[in-house]
Amino acid sequence: MTEKTDCIVIGAGVVGLAIARQFAMAGRDVIILEAENSYGSHTSSRNSGCIHAGINYPPGSLKARLNMRGKELLYRYCPEHGVGHKMIGKLVAIVDEEKIPQLHALKEKSASIGLDEMYFMTGAEARALEPNLHCVAALHSPTSGIVDQPELMTAYLGDAEDHGAVLALGAPVLSGRATDSGVTLTVGGAGAMEIACNLCINAAGHGATKIAGLIDGVPKETVPEMILARGCYFVLPSKKPFTRMIYPLPDEHEVAMHISPDMGGMVRFGPDTEFVDAVDYTVNPDRAPFFYEAARRFWPDIRDGDLEPGYAGVRPKLSRARAGDNDFVIHGAETHGLPNLVNLFGIESPGLTSSMAIAEYVAALVEEGNR
Ligand SMILES: Cc1cc2nc3c(=O)[nH]c(=O)nc-3n(C[C@H](O)[C@H](O)[C@H](O)COP(=O)(O)OP(=O)(O)OC[C@H]3O[C@@H](n4cnc5c(N)ncnc54)[C@H](O)[C@@H]3O)c2cc1C
């Protein structure tokens, strides 16, 4: 027998939960289908937890627009819902005088997308804020921050459930078929069944391209190939050299990396980038020499033995380009011709920051597709 519901969201990561919240609060009956036995256990809890200001994305891109809007919504939502967050600020630092024009160019680019608050600092000014920082100059982004990802997801889910949404765990979507009037999904797990809905949102992160490819009716040419890029973190359990995030210039990620305190103040180094064939969260301790070398650019006083292997996340990318040059891909009827299906592909950084704005965007896309 086929069950019926109004709206299904596939995937209970931060994006799927934000979308479920959006539709439930708009009065729709929502079921969230999650393959794992807990929500948010993949990319949404394996990232830097940074509320990005939006510096890195090309003006006009979906990432730039949704990052800016998402940041605004998050900074409003978190205090209202008791979600841990801090606007700690970020320093984009350089160690080479020749890079000063690039720092000025980044400031100008930021201003062009409305980030007027960025300001240029000499090395001495930056050290007045962060005494352990080695740099010749820096760009200060005061509105960058950090958020407690599990608390954020619990709050989204709570809002969705308060408006009638139901989360089904251990419910992997195996395949489906889409028509003009809705989508029918085959769901595995203990309660295996067929379930039909008027609206289906595929927010399955690493699983999104596979699911889209297995839904009959979705034109194959609209389903991109996904490329997985693991990002590992090493952590510094015993010292707290920085209170703000320290970032390299966007094009220096081969030799440098982010340094970011988490909500508890513990400092993380990473993520690096390693292309992988499957989702695998192993942190290879042999990567330590690269992490030390990159960390020493900004913090020469780090000692061998200070760092410990931390955790890893895997970016669901659509090309090998860096996150700044790879846009989000969100397909509604205008792309695949199906008004009752939205596919979200390549939701890498800044998906956490943008989550509520992505939800708004998806809702608008659905409305547009049904006009
Ligand atoms: C290393 C790293 C650092 C990052 N740092 C930041 C940052 O600092 N700031 C920022 O804004 N963004 C950051 N991001 C990006 C951000 O984490 C992601 O954009 C965001 O978490 C994506 O959320 P999601 O819900 O789309 O995916 P996920 O969290 O992966 O959720 C997808 C869910 O779908 C489920 N699923 C998969 N297949 C199926 C199926 N067949 N049936 C049912 N369920 C299924 C999965 O189990 C999973 O729970 C980072 C990402 C990485 C990898």
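Below or above, wherever it landed, is the structure these notes cover. (Residues numbered from 1 in each chain as written. Predicted model: local features only at pLDDT ≥ 70, side-chain atom pairs only at ≥ 80, totals over all residues. Heavy atoms only, no water.)

1. Topic: the packing of helix α2 (residues 62-80) against helix α9 (residues 351-369)
Rules: The angle between two axes is taken between their N-to-C directions and runs from 0 to 180 degrees, where each axis is a line fitted to C-alpha atoms and a helix contributes only its stretch in contact. Per the convention used, a helix needs a DSSP run of H or I reaching at least four residues, while a strand needs a run of E reaching at least two, with both numbered from the N terminus. Each angle gets one of four labels, with under 35 degrees taken as roughly parallel, over 145 as roughly antiparallel, 65 to 115 as roughly perpendicular, and the rest as oblique. A contact between two residues is defined here by any heavy atoms of the two lying within 4.5 Å. Note that Gly is not counted as nonpolar here; it falls among the polar residues with everything else outside the nonpolar set of Ala, Val, Leu, Ile, Met, Phe, Trp, Tyr, Cys and Pro and the charged set of Asp, Glu, Lys and Arg.
At a minimum axis distance of 6 Å, the contact between α2 and α9 shows a crossing angle of 105°. By the criterion of interaxial angle, the relationship of α2 to α9 is roughly perpendicular. Together, Leu-62, Arg-65, Leu-66, Asn-67, Arg-69, Gly-70, Lys-71, Leu-73, Leu-74 and Tyr-77 of α2 and Leu-352, Thr-353, Ser-354, Met-356, Ala-357, Ile-358, Glu-360 and Tyr-361 of α9 make up the contact between the two elements. Here the residues of the contact of α2 with α9 sort into 10 nonpolar, 4 polar and 4 charged.

2. Concerning unusual backbone geometry
With an omega of 5°, the peptide bond running from Gly-270 to Pro-271 counts as cis. Of the consecutive residues Ser-349 and Pro-350, the connecting peptide bond is found in the cis state with omega at 10°.

3. Side note on the packing of aromatic side chains
Cut-off, in case you're wondering: Pairs were defined over the aromatic rings of Phe, Tyr and Trp, the Trp ring being its six-membered one, requiring ring centres within 6.5 Å. Orientation was assigned from the angle between planes: stacked under 30 degrees, edge-to-face over 60, tilted for the rest. Under the scheme applied here, a residue whose accessible area is under 20% of the maximum for its type counts as buried, over 50% as exposed, and between as partly exposed, the area being computed with a 1.4 Å probe on protein chains only. Cation placement over rings: the criterion is NZ of Lys or CZ of Arg within 6 Å of the ring centroid and within 35° of the ring normal.
Here the structure, examined in full by the defined rule, presents 6 aromatic pairs. Pairing Phe-242 with Trp-299 gives two aromatic rings, centres 6.3 Å apart and planes at 70°, and the pair type is edge-to-face. Residue Phe-242 is located in the loop between β14 (227-236) and β15 (245-247), and its partner Trp-299 is located in the loop between α7 (288-298) and β19 (308-317); the two are separated by 57 residues in the primary sequence. Like Phe-242, the residue Trp-299 is buried in the burial classification. Arranged with centres 6.4 Å apart and planes meeting at 15°, the rings of Phe-269 and Trp-299 form a pair that is stacked. Pair noted here: Phe-269 is in strand β17 (residues 267-269) and Trp-299 is in the loop between α7 and β19, with a separation of 30 residues, a long-range link. For Arg-46, the ring lying beneath its charged end belongs to Tyr-281, and the centroid distance is 3.8 Å. In this structure, Lys-90 packs its charged tip against the face of Tyr-247, placed 3.9 Å from the ring centre.

4. Focus on the sheet that holds strand β8 (residues 145-147)
Condition: When DSSP finds two or more bridges between a pair of strands, those strands are recorded as paired.
Strand order in the open sheet formed by 3 strands is β3-β8-β4, with antiparallel pairing between adjacent strands. One side of each edge strand has no neighbouring strand; the edge strands of this open sheet are β3 (50-51) and β4 (85-86). The pairing of β3 with β8 spans 2 bridges and is antiparallel. By the bridge assignment for β8, Ile-51 is matched with Gly-145.

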